[in-house]
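As a plain string of letters, each chain reads:
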Amino acid sequence: MEIQLWREILHPYEQAVAELVLKFRCLRVEYKKHGLYSPIENVTGRVKTISSILEKMQRKGVPMEEMAEKIEDIAGVRIICQFVEDIERVARDIEARSDLEILNHKNYLGNQKKSGYRSYHIIARYGVQTIIGLKKVKVEIQIRTMGMNFWATTEHHLQYKYKGEIPEHISAQLQKASDALMSLDREMSEVRSEIIDAMNDSRIKNRIVKEILGSIENLYRVASEREVKKIQDEFYEVFSHGDLEELKRFQKQLDIIAEGYRAQAIEHPLLDEDDK
Ligand code: 0O2
């Protein structure tokens, strides 16, 4: 058998994971920047350990020369969502990407595995630029809710502890826990729109408060201290009511006041042409 240079073999997989994790995290940031609810809650990635690759090859009878083709999860990216509905949205977004060639899907959401495992997997080919040119590698993208992830992580630890032979009574408990998490996911889906509205309101409130305080700070440079103090006191009063609509009205009034000062500054510039 040829010498296997594992560091060299795994390098493009490491690069693929690093790039994809960054790209998916950027998607989340973009949703937030647009003031939108992000279906992506968290993104992580890993390259399978060499011993885990070797074990899987042994288990499946895969020869070394077929490793890249047959072991599809050497590069793994995991996307965690809040709600089951978000999984479909994220999967659609991923399938529409031009930097991934979609090879296969595994839908363990409705038809969970015998163990109780639920998740949505996409197997894709992804190209990384290396110093010797373009290298395409397979990646497995797992998309699941927080509940599904909690279950899978716990079960994975138990698989490790019992070397893949989880005792019958623990398997049954895991199955029960998986069912319970599934009904929890369903219940959370029912209040999804309420939760998203609440999250959006909180985001809008944070933005408005930041803008109002920024405007007050700007006014402090041009208006009388007494007037700015009065506005600030009014703001704290409005803020204490916790009413978003009232805050919006306050911001509009403040904009009018600020506009008035801007107009004055144009009419009476600090430096007249003659003073220059
Ligand atoms: P690791 O340690 O996460 O890398 P198979 O032919 O079914 O044995 P295959 O063809 O790779 O495996 O596809 P499958 O079943 O979709 O599994 C891919 C990965 O999904 C697994 O990789 C796990 O990460 C996860 N997974 C699948 N089934 C289960 C399960 O019952 N419990 C948990 N916790 N995770 C699961 P690896 O290589 O098995 O593990």
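Look up a bit, the structure's there.
Remember, predicted model here, so these are calculated numbers, not experimental data. (Residues numbered from 1 in each chain as written. Predicted model: local features only at pLDDT ≥ 70, side-chain atom pairs only at ≥ 80, totals over all residues. Heavy atoms only, no water.)

Caption draft 1: Spatial organisation of the pattern of salt bridges. Counted by the stated rule, this structure contains 20 salt bridges. Of the charged contacts, one joins Glu72 and Lys138 as a salt bridge, the two residues approaching to 3.1 Å between their closest N and O atoms. With Glu72 in the loop between helix H3 (67-70) and strand E2 (75-81) and Lys138 in strand E5 (residues 133-145), this pair connects stretches of sequence that are 66 residues apart. When its relative accessible area of 22% is taken as the criterion, Glu72 is described as partly exposed. Residue classification places Lys138 among the buried positions, given a relative accessible area of 6%. Across the salt bridge formed by Asp185 and Arg118, the nearest N and O atoms sit 3.4 Å from each other. Note that Asp185 is positioned in helix H6 (residues 168-190) and Arg118 in the loop between strand E3 (100-107) and strand E4 (120-130), a separation of 67 residues in sequence. The two residues Asp185 and Arg118 agree in class, both being buried. Among the ionic contacts, a cluster of salt bridges with common partners joins Glu69, Glu72, Glu101, Arg125 and Lys138. (Salt bridge = Lys/Arg side-chain N within 4 Å of Asp/Glu carboxyl O. Helix = DSSP H or I, 4+ residues; strand = E, 2+ residues; numbered from the N terminus. Buried < 20%, exposed > 50% of the residue type's maximum accessible area, 1.4 Å probe, protein only.)

Caption draft 2: Quick peek at the sheet that holds E4. Taken in spatial order, the five strands of this open sheet run E1-E2-E5-E4-E3, and their pairing is mixed. Two strands close off the open sheet at either side, each with one partner strand: strand E1 (42-47) and E3. For this sheet, the mean angle separating the axes of adjacent strands, direction not counted, is 25 degrees. Pairing of E4 with E5 involves 11 bridges; the strand directions are antiparallel. Pairing of Ile122 across the sheet is with Ile141, part of E5. Across the sheet, helix H1 (residues 6-33) lies against E1, E2, E3, E4 and E5, angled at about 180 degrees from E1, the strand it touches most. (Pairing = 2+ DSSP bridges. Axes fitted to C-alpha atoms, helices over the stretch in contact; angles between N-to-C directions. Contact = heavy atoms within 4.5 Å.)

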